[in-house]
Amino acid sequence: MSDEIELVAPGDVPPAEGTWKVRSNCHFCGYLCGLTATVTDGRVTDLEPDPTRYPYDQSVLAGCPRWRTNIAFLESEDRVNYPLKRVGERGSGRWRRVGWDEALADISARLLALKERYGAETLATAIGGPHATYWPLHRFLSLFGSPNNMGIGQICWNPRIWMEAVTYGWPVAPAIDEVTGGLFLWGTNPAESDNSLFWRAIQGMARQGLPVVVVDPRETRTARVASLWLAPKPGTDPVVALGLIREVIAQGGVNQAFVDQWCSGFEELAQQAAPYTPQRVEELTGVPAEKLVAAAAVWSSGVPVALVSGRGIDQLGPNTYQIHRAINCLRAITGNVDRDGACHLMTKPTFIPEVELEMSDRLAPEQREKSLNRGVISLQTWEGWEAISELTAKVGGNRLPARYLTSVHPGRVWQAALTGDPYPVRALVTMGCNPLVTYGDTRLVHDAIASMDLVVALEYHLTPTAQLADYVLPMAGALERPLLQVDGGVADVAYGGERACDPYFERRSDYDFWRDLGLRCGQSPEDWPDEDLSAAQARTMAPTGLAWDEFCNAGLWATPPVYESYKEHGFATTTGKIELASEFLPRFGGDRVPTPKQLEPLAPGPDAGTVPLTLITGARFLPYYASSYFENPSFRKRHPVPWAEFSPATAARLGLSEGDEVEVGTAHGSVRFSVRITSMVDDVVSVEYGWWYPEKPAGEPGLSGAFERNANVLTGCDVPQGPDDPKADSLIGTWRYGAQPCTVRKAAPRPSER
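Bear in mind that the values here come from a model prediction, so they are computed numbers and not experimental data.

## What about the overall build of the chain?
For step 1, the next point in the chain: Helix and strand counts for the chain stand at 27 helices and 27 strands.
For step 2, the next point in the chain: For 754 residues, the compact-globule estimate of 2.2 N^0.38 gives 27 Å, and the C-alpha radius of gyration of the chain, at 25 Å, lies within 12% of that figure.
For step 3, the next point in the chain: Based on the C-alpha atoms only, the size of the chain along its principal axes is roughly 70 × 65 × 60 Å.
For step 4, the next point in the chain: Burial statistics for the chain: of 754 residues in total, 63% are counted as buried.
For step 5, the next point in the chain: For the chain, long-range pairs separated by at least 24 residues make up 75% of all intrachain contacts whose partners lie at least 6 apart in sequence.
For step 6, the next point in the chain: Carbon together with sulfur atoms contributes 50% to the accessible area of the chain, which is approximately 25,600 Å² in total.
For step 7, the next point in the chain: Each charge sign in the chain was given a centre, from 69 positive and 92 negative side chains, and these centres are 4 Å apart.

This is the structure:
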């Protein structure tokens, strides 16, 4: 660091004039790497990694293509820099620049008029991640009176959190350290989706010769460093897990003392797993029997084994909660719960938790009953959250975040917008997300958004979703806003730091928007006591005793894990033990023990002359992140077209070569991809998601290529039709993004995209 340039005090923003150094954070993924910015006259002119702050690691930053682009992102001509109001028809691509006061006055007046006509529940919101602070949105909804916040929680995060709480009484976190003896990675690919210290830890374990087991239909970059790769047919993961449980029992790998004292329902679980012999598992899943036996031996070895799962098993429809229940039981019977080197029960935050920040206790009971989940989803409801809270509160008064775990099924929102059933949803605010590309069933999403009376997008760019809005409001992004990442408030961990500069142009933080809108809608200033996000985050951290500037200097607050805490108070479940056979789930129509569901085939696309395969979606590849960064020319040069991946045998059967164009079709539509041949399960096609084309014309009908190579043109967003629906889970609402039939045929190339 140069001696000639003064370092601004931690937590402070540099003066408007002069040249200064200031500590801040990247925000181009959820990792929030610490950076030191050089700021001249309020503009960031240089960036360098900050080795003094969490989560610095030279190898991570050296391998990341994103953090260096922060300066260009701040100055980008593609950014939304001023509030824009639609003129002409929705989706016309015509805008008028307006001031914030004009925009907020009109939005608040229209919201209040819609509330008067239809009720507060007429407003829905959509979130994504990790580009926003969600609790201000949730607070606004609680005070406004709407239960209808939605996101993609049903296929990301929520299933794991729900099932860990049901099984253990609270979520767990992996504890990977020097005593870890083995690692299972199930449905996650940190080499592409994380690229952080965790990925470096995986590589380190592999170099030491420790067992690293990857369960994934694709031989991902992560799988290539593993000692063992299990490749199940899509959707059969619960069978693999039950096979592992059965084989651990057969190998004598059960930690019997732990099970006898701290687990409930072992005999019932063992009986359920008994039919899943290695040979039977091979027949059902395609995983060779000898590989299953070898994987079970890792769990049976007695060493601490950690397990990390990802979105790959959060998107299996009715089998999603089953696989999470099964792997939770696998941890438990081997004694790998709250054990150093395996995992630890997280603890309620010392800082103000999300559940308090969102003020969900202010949402009236009669409004809770209007949640669009009622009548179709049983567990992810206010009743489900209240029931689990009664249990979790038995230990330390723990409560899970309400708004995440009651978020409504997107399919219900789109249905209500289009049909008025059970009531009209006429207003939508999107924040940190692009539902037209990242939510299931693109055509349905488009029709629903296009039908609404008021649509507001809080955005960085004119995304396809924003192009359908009435207002597009410019959000402060990386280096322009303070950051505080808290993992939904289920752990005593927080990381982040202060902004490097004030927002450029007329950008504002999402907190500023929700606070101002709330006050204009008649919400009390006492409910919005902090004038800006920094003050709100300082208030959030105050109970730790760590001042905001101290937190910004360290970049991290974390209390060390305390293992075997259950010996003091048991587990926060009905029985006070780990529930291998759940006493809780049957209250909501769930199974006591993990029970794989038969995935009945969904109707494939109608095209003649095509070859049926099984479709999986959601693969992501650096440098992109969901639907972000496609406007970056260097990224597009590095990865110009989205891939459809096939095994060599499947490609040969279809007559495909690397780089060929294919048309992938389902009952919902068809999309073109570029062929990539890789090691994976045969008769499966894996398509990359998130693609749109910022350089293509905005507005209807193309919406910047939103329908051209978008994987969600192929997917559904099915609302469960009962407990035995093969398309969606009736407990949480999880729909199927994977394990659905599709058709594939070779197509003529498009040279212009090469």
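Moving on from the model shown.
## Focus on the sheet that holds strand β1 (residues 19-25)
For step 1, the next point in the chain: Taken in spatial order, the three strands make up an open sheet running β1-β2-β3, and their pairing is antiparallel. One side of each edge strand has no neighbouring strand; the edge strands of this open sheet are β1 and β3 (43-49). Averaged over all pairs of adjacent strands, the angle between their axes in this sheet comes to 30°, without regard to strand direction.
For step 2, the next point in the chain: Two elements, β1 and strand β2 (residues 34-40), share seven bridges in a ladder whose sense is antiparallel. Paired with W20 across the strands is V39, a residue of β2.

## Thoughts on helix α19 (residues 410-419)
For step 1, the next point in the chain: Taking burial as the measure, the ten residues of α19 include seven buried ones, the bulk of the element.
For step 2, the next point in the chain: Buried residues in α19 make contact with β6 (123-127), β7 (149-150), β15 (427-431) and α21 (442-451).
For step 3, the next point in the chain: The first or second residue beyond α19 is G420, which carries a positive phi of 75°.

## Focus: the packing of aromatic side chains
How two aromatic rings sit relative to each other is given by the distance of their centres and the angle of their planes.
For step 1, the next point in the chain: Across all of its chains, the model carries 29 aromatic pairs by this definition.
For step 2, the next point in the chain: On the numbers, 6.1 Å between centres and 75° between planes, the contact of W262 with F571 is edge-to-face. Here the residue W262 occupies a position in helix α10 (residues 256-262), and F571 occupies one in the loop between α25 (566-569) and β21 (578-579), the gap between them amounting to 309 residues. Take W262 and F571: they sit in the same class, and that class is buried.
For step 3, the next point in the chain: By the ring-pair criterion, three or more aromatic residues cluster together here, those being F28, F73, Y460, Y629 and F635.
For step 4, the next point in the chain: The residue whose ring lies beneath R620 is Y625, and the NZ or CZ to ring-centre distance is 5.0 Å.

## What about the environment of L444?
For step 1, the next point in the chain: Note that L444 resides in helix α21.
For step 2, the next point in the chain: Classification of L444 by relative accessible area gives partly exposed; the value is 25%.
For step 3, the next point in the chain: When the C-alpha positions of L444 and Q367 are compared, they lie 26 Å apart, and in sequence the two are 77 residues distant.
For step 4, the next point in the chain: Among residues more than four places away in sequence, those in contact with L444 are W414 and L418.

The rules behind these values
- Residues numbered from 1 in each chain as written.
- Predicted model: local features only at pLDDT ≥ 70, side-chain atom pairs only at ≥ 80, totals over all residues.
- Heavy atoms only, no water.
- Helix = DSSP H or I, 4+ residues; strand = E, 2+ residues; numbered from the N terminus.
- Rg over C-alpha atoms; globule rule 2.2 N^0.38 Å.
- Buried < 20%, exposed > 50% of the residue type's maximum accessible area, 1.4 Å probe, protein only.
- Contact = heavy atoms within 4.5 Å.
- Areas by Shrake-Rupley, 256 points an atom, 1.4 Å probe, with all protein chains shown as cover.
- Lys, Arg positive; Asp, Glu negative; His and termini not counted.
- Charge placed at Lys NZ, Arg CZ, Asp CG, Glu CD.
- Pairing = 2+ DSSP bridges.
- Axes fitted to C-alpha atoms, helices over the stretch in contact; angles between N-to-C directions.
- Phe/Tyr/Trp six-rings, centres within 6.5 Å; stacked < 30°, edge-to-face > 60°.
- Lys NZ or Arg CZ within 6 Å of the ring centre and 35° of its normal.

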